[in-house]
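Inside the fold
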Amino acid sequence: MDLLPYTTLLYGSSPGGAVNSTRGNLTNTDTTDKDYMQQAAVPRDSSPHGGEDVAVFAHGAMAHLFHGVYEQTYIAHAAAYAACIGRYGDQNEEHCQQQSAATLVQSAWMSIYICIILSFYFR
């Protein structure tokens, strides 16, 4: 551990990476400056995506989970919850037990559509 301060948003690869160097000390760095570049493990000319919040809206089963701007990691968890997949796939969630197979399929497709839209957004 280098015991240096860090921001909550870090990238695997971006222009903020340092070649053959140790991680920079952010103690006297204004990370709110519009020109500040987030630190990264691998230096690149461009970044594959940003860390901005994402606007998501939906219609149909479990659409109440998607009605505004969200932090990116929320979307994956909410989509899995809505579709009763992943850690939510054990059918212990009340809505998974109550939904018909058709509604679960609709929720799964909604999750897929969200992922497709996000993949285009982050190109």
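Residues numbered from 1 in each chain as written. Predicted model: local features only at pLDDT ≥ 70, side-chain atom pairs only at ≥ 80, totals over all residues. Heavy atoms only, no water.

Turning our attention to helix α1 (residues 72–83). Here α1 is twelve residues long and its end C-alpha atoms lie 18 Å apart, about the 16 Å a rise of 1.5 Å per residue gives. For α1, the complete set of buried residues consists of Ile-75, Ala-78, Ala-79, Ala-80, Ala-82 and Ala-83. Positive phi shows up at Cys-84, right after α1, with a value of about 55°. (Helix = DSSP H or I, 4+ residues; strand = E, 2+ residues; numbered from the N terminus. Expected span 1.5 Å × (residues − 1). Buried < 20%, exposed > 50% of the residue type's maximum accessible area, 1.4 Å probe, protein only.)

By size, the foremost hydrophobic cluster in this structure holds ten residues: Val-54, Val-56, Met-62, Leu-65, Phe-66, Tyr-70, Ile-75, Ala-78, Ala-79 and Ala-82. Elements represented by at least two residues in this core include exactly β3 (54–57) and α1. With four residues, α1 is the single largest residue contributor to this core. When near neighbours in sequence (up to four residues on either side) are disregarded, Tyr-70 contacts Asp-53, Val-54, Val-56, Leu-65 and Ile-75. (Core = buried A, V, L, I, M, F, W, Y, C linked by side-chain atoms within 4.5 Å. Contact = heavy atoms within 4.5 Å.)

Quick look at the packing of aromatic side chains now. Enumeration over the complete set of coordinates arrives at one aromatic pair. Plain terms: the ring middles of Tyr-70 and Tyr-74 are 4.5 Å apart, the flat faces sit at 15° to each other, and that makes the pair stacked. When its relative accessible area of 13% is taken as the criterion, Tyr-70 is described as buried. (Phe/Tyr/Trp six-rings, centres within 6.5 Å; stacked < 30°, edge-to-face > 60°.)

Of note, Leu-3 is a non-glycine position whose phi angle comes to about 60°, a positive value. Here Leu-3 lies in the segment before β1 (11–14). According to the relative accessible area criterion, Leu-3 is exposed, its value standing at 71%.

Before going further, it helps to spend a moment on the pattern of salt bridges. Within the structure shown, the criterion is met by one salt bridge. Asp-35 is paired through a salt bridge with Lys-34; the nearest N and O atoms lie 3.5 Å apart. Like Asp-35, the residue Lys-34 is exposed in the burial classification. (Salt bridge = Lys/Arg side-chain N within 4 Å of Asp/Glu carboxyl O.)

The next point concerns the environment of Ala-40. By the element assignment, Ala-40 lies in strand β2 (residues 40–43). When the C-alpha positions of Ala-40 and Ser-14 are compared, they lie 5.8 Å apart, and in sequence the two are 26 residues distant. Those residues within four positions of Ala-40 in sequence are excluded, and the remaining contacts are Tyr-11, Gly-12, Ser-13, Ser-14, Gly-16, Gly-17 and Ala-18.

In the predicted model, the protein chain carries a mean pLDDT of 76, and the fraction of residues at 70 or more is 72%. Model confidence for the protein chain, summarised as mean pLDDT per element, is weakest for helix α3 (residues 101–121) at 64 and strongest for strand β4 (residues 67–70) at 85. (pLDDT = per-residue confidence, 0-100.)

Here the focus is the side chain of Gln-39. Take Gln-39: it is sitting in the loop between β1 and β2. One polar contact links the side chain of Gln-39 to the main-chain carbonyl oxygen of Gly-24, over a distance of 3.1 Å. (Polar contact = N/O pair within 3.5 Å; in protein donor to acceptor, adjacent residues only side chain to side chain.)

Turning to the environment of Tyr-88, a few remarks are in order. Within the element layout of this structure, Tyr-88 appears in the loop between α1 and α2 (94–98). Tyr-88 sits in the buried class, given a relative accessible area of 14%. Taking C-alpha positions, Tyr-88 is 9.0 Å from His-77, a pair spaced eleven residues apart along the chain.

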